[in-house]
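# Analysis of the macromolecular model
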Amino acid sequence: MPTKSKPKIIGSDAVAGVNERDAINRINATKKNKSGNNSFNSDGVVPAEQLPPLSNVTGSDSVTEPAPSSPAPAPQSSTVTAPTQAAMTFNEDGTMTLTESQFRMLVDSGVRQETQQTLAQLQQAADQIAQLKQQQDAAEEKARKDREELEKQVENERKQRDTLARVFGQFGYAHPETAGADRAPLPSQAFISPLANRGGISAKDAVREFERRCNDAATTEARLITTSTGSYVQRNSRYTDQFFVENRKVLREGIDAIARQHGLLQGRNQVWGGKDAPTTFANFPIALREYLSQVVRIEHSARFVLWQFCNKAIHTGIPINQTVLVPRVRHLNVGVTSSDWRLTPGIPIVPTRQNLNGNGVSVPILEWGMGKDAVVEPLGIHELVNAVTIIDIERLVQERIGYNYGMWEDLLLFEILLSSTVVSYNNNGTVVNTAAGVPAGGGGQLTMNFFGSLRARMVNDKVPPLDDGCFIFVGTPDHFASLENDMAEKSQYADNSQVEGLTNMLQLKTRQQYMGKVNGYKGRVRGFHCFESTNISSGLPGSPGVQTETLGGNPVTTRSGFALGADALGMAESMPMEIRESDDTDFGRMRSLIWKTHANATGLDVDPNRTLLPNEVARAVGGEEQLRVYEVRSSTTKV
């Protein structure tokens, strides 16, 4: 009997699995076990008793096709049918022929198996995702609870802080006291200061904050300058000025208490004894010295007005005799007609340029103060102990040191104004340039019509006014004695709203942080804001600003006033005015005080033909300055 190859299942390659191979092996085993009988009939069909049931070919998803309702006819001896399947026929070459339903069943079985495996994997992944989602939800819930707990803690701390703030608002803060000039800290002490009595901050708190601001190197921009002649510290006082202005009343109370602690202000005591006796030389607290310096800087005397028109620049850390810049921007040259601006296509711009002098004017920093010689001696004060309140000391310092400082400041600026070479006189309301231009009956004194003519001249000369279009005039009491009649008739006196508006305008224009109410303001006359000064052009002929001239054919005394535009004067400062105490007290018998500052003034735009002062930096004035200051001379008697 010829050897036959192993039967093959046609169409089963795409889904052949382990169970199908086992079925084929069982068929082959059955053929070998038949002794003397052919394993295949003549038609190549395996007998039914040799064919294992198809139900043994299993898969995870295999199903048995249900038997037909009408059984097929009985097969021949060479064919066999499974109990639930159609007969499978083996060919002579060992291959197996499957019906369509058999082949489909095998394919479906493999697909189901793969599908179930994939579904199982997907289910496993879904279970893992669900588990992770549960973990995420649990973590978010925990974070939410933690956040709510933290918010509750923050809210509780805020309530506690607010409660403490209200308590301290009523009873004040404990703070270290200062002892003597070395400011050595002493143990803290509590004190009571009702809110209703102090307006939001206690007297001791005000002093503590004032001292902190004075000593804060960052906010005061403190700089230590070391030279061959010694060392000194320069500071910017604007940070301290702000606190002084905003808390003046309560700060005064705190300084008053400190002065008494150091043995001052004992004037109301009737019985002297011990350390409070007037023969005991009391210490001069640093806080008191700083406070009095603020009083002099902020509260200018009404006698001095020129400082109000001076552009101010503060530069700390500048050694003496070195220069700083005061900002100034000159007006550019302009054309006469509109054709001066018309450009022609194809014609290039001219190669020449006019310089924009906006970098400022150099000002040398100089040291000024009392005590140079017998003309301006240091101030000896021995009555601080006998003063009753801090207000008495303020008035004492303002009338003596403050007056001396204001006099220096006004004279420094007055000398710059006197350097202008443009002089004007009044001839019956018109402006003339010489004394000879005033004939008999020309008047020679200031009138409102004269101011109208003077304003027209300054406008024609392109002098820049203030932001409200007005110029400034500074005069003496003699100037306004003749002008007041016209002012009264036309109701030109200033009211509070005018004063407040002018103060704000000048403060912004000159970059001075705290100006207070303008000093010496008389009112507005024909486009001029008029200010009266008792510190300029005073005294006998021969004094600065006082001349003997011939008007109307007769010698008369004339006094100089000044009409000026915006940005005419500048002041540089590297150390604000400070009150200093001498180390020598004459064995405790006399206290010596001076004021000292590192600063200087200069003309920004006064007159291109003027002569510079010795304290100004040498420069070519003719190419630098523009005309903005007019000297106005007025006769003390009518011509």
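Scroll up a little and you will see the structure.
Residues numbered from 1 in each chain as written. Predicted model: local features only at pLDDT ≥ 70, side-chain atom pairs only at ≥ 80, totals over all residues. Heavy atoms only, no water.

## Focus: the overall build of the protein chain
Selection criterion: Elements are defined by DSSP. Helices are runs of H or I of four residues or more, strands are runs of E of two residues or more, and each kind is numbered from the N terminus. Pairs of residues are marked as contacts when any of their non-hydrogen atoms sit within 4.5 Å. Computed by Shrake-Rupley with a 1.4 Å probe, the accessible areas treat only the displayed protein chains as cover when residues are assessed.
Counting its secondary structure elements, the protein chain contains twelve helices and 22 strands. Once local pairs closer than 6 in sequence are excluded, the contacts in the protein chain between residues at least 24 apart make up 71%. Within the structure as shown, the protein chain displays about 34,100 Å² of accessible surface, and the carbon and sulfur contribution to it stands at 52%.

## Topic: the packing of aromatic side chains
Note the threshold: To pair, rings of Phe, Tyr and Trp, with the six-membered ring standing in for Trp, must have centres within 6.5 Å; the planes then decide the type, stacked if under 30 degrees apart, edge-to-face if over 60, and tilted in the middle. In this scheme, a residue with accessible area under 20% of its type's maximum is buried, one over 50% is exposed, and one in between is partly exposed, where area comes from a 1.4 Å probe on protein chains only.
Scanning the entire structure with this criterion turns up 14 aromatic pairs. Judged by centre distance (5.4 Å) and plane angle (45 degrees), the ring pair of Trp368 and Trp408 falls under tilted. Here Trp368, found in strand E11 (residues 366-369), pairs with Trp408, found in helix H8 (residues 390-418); they are 40 residues apart in sequence, far enough to count as distant. Using a relative accessible area of 21% as the deciding quantity, one classes Trp368 as partly exposed. Using a relative accessible area of 13% as the deciding quantity, one classes Trp408 as buried. An angle of 55 degrees between the planes, with centres 5.3 Å apart, marks the rings of Phe451 and Phe528 as tilted. Of this pair, Phe451 sits in helix H9 (residues 448-460) while Phe528 sits in strand E17 (residues 528-532); the two residues are 77 residues apart in sequence, bridging distant segments of the chain. For Phe528, a relative accessible area of 0% gives the class buried. In this structure an aromatic cluster arises from ring pairing among Phe450, Phe451, Phe471, Phe473, Phe480 and Phe528.

## Section: unusual backbone geometry
Non-glycine residue Asn321 carries a positive phi angle of around 80 degrees. Mapped onto the elements of the fold, Asn321 is located in the loop between strand E8 (310-314) and strand E9 (323-326). Asn321 sits in the exposed class, given a relative accessible area of 59%. The backbone of Ser537 sits at a positive phi, close to 50 degrees, despite the residue not being glycine.

## A closer look at the nonpolar core
What counts, and what does not: In this description, a nonpolar core means a group of buried Ala, Val, Leu, Ile, Met, Phe, Trp, Tyr and Cys residues linked to one another through side-chain atoms lying within 4.5 Å.
Counting residues in hydrophobic clusters, the biggest one holds 70 residues, and the most contacted among them are Leu251, Tyr291, Leu306, Phe309, Leu506 and Phe531. Among the elements that make up this core, the one with the highest residue count is H8 (eleven residues). In this view, Leu506 contacts Gln308, Phe309, Leu466, Ile472, Met515, Val518 and Phe531; residues no more than four positions away in its chain are not counted. Counting 18 residues, the second-largest nonpolar core is a separate cluster that includes Phe450, Leu454, Phe480 and Ala563.

## Digging into the packing of helix H7 (residues 286-298) against H8
Between two packed helices, the angle of one axis relative to the other and the distance separating the axes together describe the packing. Threshold: Structural elements are reduced to axes, namely lines fitted to C-alpha atoms, with helices fitted over the stretch in contact, and the angle between N-to-C directions of any two is expressed from 0 to 180 degrees. Here the word oblique covers every angle except those under 35 degrees (roughly parallel), over 145 (roughly antiparallel) and from 65 to 115 (roughly perpendicular). What makes a crossing left-handed is the near helix being turned counterclockwise from the far one by less than a right angle; a clockwise turn instead makes it right-handed. Note on residue classes: Ala, Val, Leu, Ile, Met, Phe, Trp, Tyr, Cys and Pro are nonpolar, Asp, Glu, Lys and Arg are charged, and everything else, Gly too, is polar.
At a minimum axis separation of 9 Å, H7 and H8 run at an interaxial angle of 55 degrees. The angle between H7 and H8 falls in the class oblique. Handedness of the crossing formed by H7 with H8: right-handed. Contacts between H7 and H8 involve Leu288, Tyr291, Leu292, Val295 and Val296 from the first element and Ile390, Ile393, Glu394, Val397, Gln398, Gly402 and Tyr405 from the second. Of the residues in the contact of H7 with H8, the class split is nine nonpolar, two polar and one charged.

## Re empty space enclosed by the protein
One water molecule sets the probe size; rolling that probe over the atoms shows where empty space is left. Heads up, the rule is: Only protein atoms enter the 1 Å grid used here, on which a cavity is any set of points holding a 1.4 Å probe that cannot leave and a pocket is any open set flanked by protein within 12 Å on both sides along at least five of seven lines; residues with an atom within 4 Å of a point are listed as lining. Grid points are joined across faces, edges and corners, and a volume is the space filled by probe spheres set on the points.
Taken as a whole, this structure holds eight cavities of 30 Å³ or more when the rule is applied. Around the largest cavity, the lining is made up of 19 residues, and of these Asp241, Arg297, Lys312, Gln512 and Tyr514 lie nearest the centre. The element best represented in the lining of the largest cavity is strand E20 (residues 569-581), accounting for four residues. Among the residues forming the lining of the largest cavity, the class breakdown is nine nonpolar, four polar and six charged.

## Let's talk about the pairing of strand E13 (residues 423-427)
We apply this condition: Paired strands, as defined in this entry, are two strands with at least two bridges between them according to DSSP.
Burial runs high along E13: five of the five residues are buried. A two-sided burial pattern is seen for E13, the buried positions comprising Val423, Tyr425 and Asn427 on one face and Ser424 and Asn426 on the other. One ladder, built from three bridges, connects E13 with strand E14 (residues 430-432); its direction is antiparallel. Among the inter-strand pairings, Tyr425 is bridged to a residue of E14, identified as Val432. Between E13 and E14, which pair antiparallel one after the other, the connecting turn spans two residues, and Asn428 there sits at a positive phi close to 55 degrees.

## Looking at H8
Going by this rule: A helix's residues, less one, multiplied by 1.5 Å, set its expected span. Two axes enter the definition of the bend at a residue: one is fitted to the seven residues ending there, the other to the seven starting there, and the bend is the angle between them.
Taking 1.5 Å of rise per residue, the 29 residues of H8 would be expected to cover 42 Å, and the 40 Å separating its terminal C-alpha atoms lies within 8% of that figure. Of all the bends in H8, the greatest measures close to 35 degrees and is centred on Gln398.

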